[in-house]
Amino acid sequence: MNTSHFPIAIIGAGLGGLTAARVLHVNGIESAVFELEASAAVRTQGGMLDVHEDNGQKALHAAGLHHEFLKIVHEGGQATRLLSSDGTVHVAEEDDGTGGRPEVDRGDLRDLLLGSLPDGTIHWGRKVTGTRALGGGRHEVTFADGSAITTDLLIGADGAWSRIRPLVSNAWPAYTGISFVETDLLDADTRHTRSAAVIGGGFFIALGHERGVLAHRESDGSLHVYTALKVDEGWLDTVDFTDHAAAKAAVLTHFEGWDEGLRGLVADAETITPRRIHALPVGHRWDRVPGVTLLGDAAHVMSPFAGEGANLAMLDGAELALAIATRPGDTEAALATYEEALFPRSEASAAESAANLDTMFGERGLEQMVAFFTSGPAAQ
């Protein structure tokens, strides 16, 4: 087996892993990132992200990329609309440019981070097949291509189904009770004028009857829609998503009686993709294990209903890198410091995500969300 040694190995080239590598780089520390996908262009990277001042933007400042980040912000993306199932608009907030959560395309943000790293930092096409401790904080990682590495510091940034997590924790993400069916309406202002008018310029929510429709206007002019259903974990398996017409019909049976403009966000879409929503237990943590730690979804995957997942992953990456940089020669002290801050902040966000899921898809979901947007959290 071809084995190479890397002092710091980051598994996963998502936003969190890339932020960690970038902040290490600006502090003069080399790392290597191993990603299972074959290249950066294998797939699109999802929809819009609102990048928050107190975590995501803080990480970008640490990475020396905040100025470049501002150049890719989607103007108007902080606009918000909240509707009921009959199409009544209850909240309509325009983006006046003063908000603290500017929207960017996830792919653009990832490209910014990728472009900020030295050539050769990313090792593409490396799917992890096994890990083992070698003693003294060192670990070995094996890959599907037959290669292997050893490392003094192993960082699991490999998402919800992390192959690194079992080194520190037996926890596994559980189904939250909500499934998404995602749809895209392309070239919306020309081909889907009704849907474009319904969604507006930014973020959109329609709630009722313990289900909902969430959507974003994308920077490429498309609309990305998430229909949220409170269904059994196996329900998606009863639908043939290769038959788009049949899949749309199956989803729309859950939205009988809803406004036709809202139903059109599914009926008129060019794509349709299922996704179950999973989460680790709120308050997930682990005992200190020498030479290994986690960040992002590997550490604290949660439902998306607090909008914190990507922001926390980036802050995790930055904080971990800064802890390493400020404690040269004492990796264990760096990891202990990092995890001491990681656990409470991720627990708070996970609790908020779980509470928001219960609120939005509860019997009074619309009423409580209207109160949230019009009077603030205290009105809930």
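Predicted, not measured: the structure shown is a model, and the values here were computed from it.

1. A closer look at the packing of aromatic side chains
Considering all chains together, one arrives at 9 aromatic pairs under this definition. On the basis of an interplanar angle of 55° and a centroid distance of 5.3 Å, the ring pair of Trp161 and Trp172 is categorised as tilted. Highlighted residues: Trp161 in the loop between strand E10 (148–156) and strand E11 (174–185) and Trp172 in the loop between E10 and E11, separated in sequence by 11 residues. The class of Trp172 is partly exposed, set by a relative accessible area of 49%. Between Phe372 and Phe373 the ring centres are 5.3 Å apart and the planes differ by 85°, which places this aromatic pair in the edge-to-face class. On the accessibility criterion, Phe373 (21% relative accessible area) is partly exposed. Grouping aromatic residues by their ring pairs yields a cluster made of Phe180, Tyr226, Phe305 and Phe361. One cation-aromatic arrangement involves Arg126 over Phe143; the distance from NZ or CZ to the ring centre is 5.3 Å.

2. Some details on empty space enclosed by the protein
Under the counting rule described, the total for this entry stands at 1 cavity of 30 Å³ or more. By volume, the largest cavity is sized at about 50 Å³. In this structure, the largest cavity is lined by Leu280, Pro281, Val282, Gly283, His284, His300, Val301, Ser346, Glu347 and Ala350. Sorting elements by how many residues they give to the lining of the largest cavity places helix H11 (residues 331–360) first, with 3 residues. Residue composition of the lining of the largest cavity, grouped by class: 5 nonpolar, 4 polar and 1 charged.

The rules we used
As a convention, each chain's residues are numbered from 1 in the sequence order in which they are written. A pLDDT threshold of at least 70 governs which residues receive local features in this predicted model, and a stricter bar of 80 or more applies before side-chain atom pairs are shown or counted, although totals over entire chains, interfaces and linings include all residues. Side-chain metrics in this entry use all non-hydrogen atoms of the structure; hydrogen atoms and water are not considered. Ring pairs shown here join Phe, Tyr and Trp side chains whose ring centres sit within 6.5 Å, with only the six-membered ring taken for Trp; geometry is labelled stacked below 30 degrees between planes, edge-to-face above 60, and tilted in between. A run of H or I in DSSP counts as a helix once it spans at least four residues, and a run of E counts as a strand once it spans at least two, with each numbered from the N terminus. Here the term buried applies to any residue with accessible area under 20% of the maximum for its type, exposed to any over 50%, and partly exposed to those in between, with areas from a 1.4 Å probe on protein chains only. Cation placement over rings: the criterion is NZ of Lys or CZ of Arg within 6 Å of the ring centroid and within 35° of the ring normal. Computed over the protein atoms alone on a 1 Å grid, cavities are sets of points where a 1.4 Å probe fits but cannot get out and pockets are open sets with protein on both sides within 12 Å along at least five of seven lines; a residue lines them when it has an atom within 4 Å of a point. Grid points are joined across faces, edges and corners, and a volume is the space filled by probe spheres set on the points. Polarity classes work like this: nonpolar for Ala, Val, Leu, Ile, Met, Phe, Trp, Tyr, Cys and Pro, charged for Asp, Glu, Lys and Arg, and polar for all others, with Gly in that last group.

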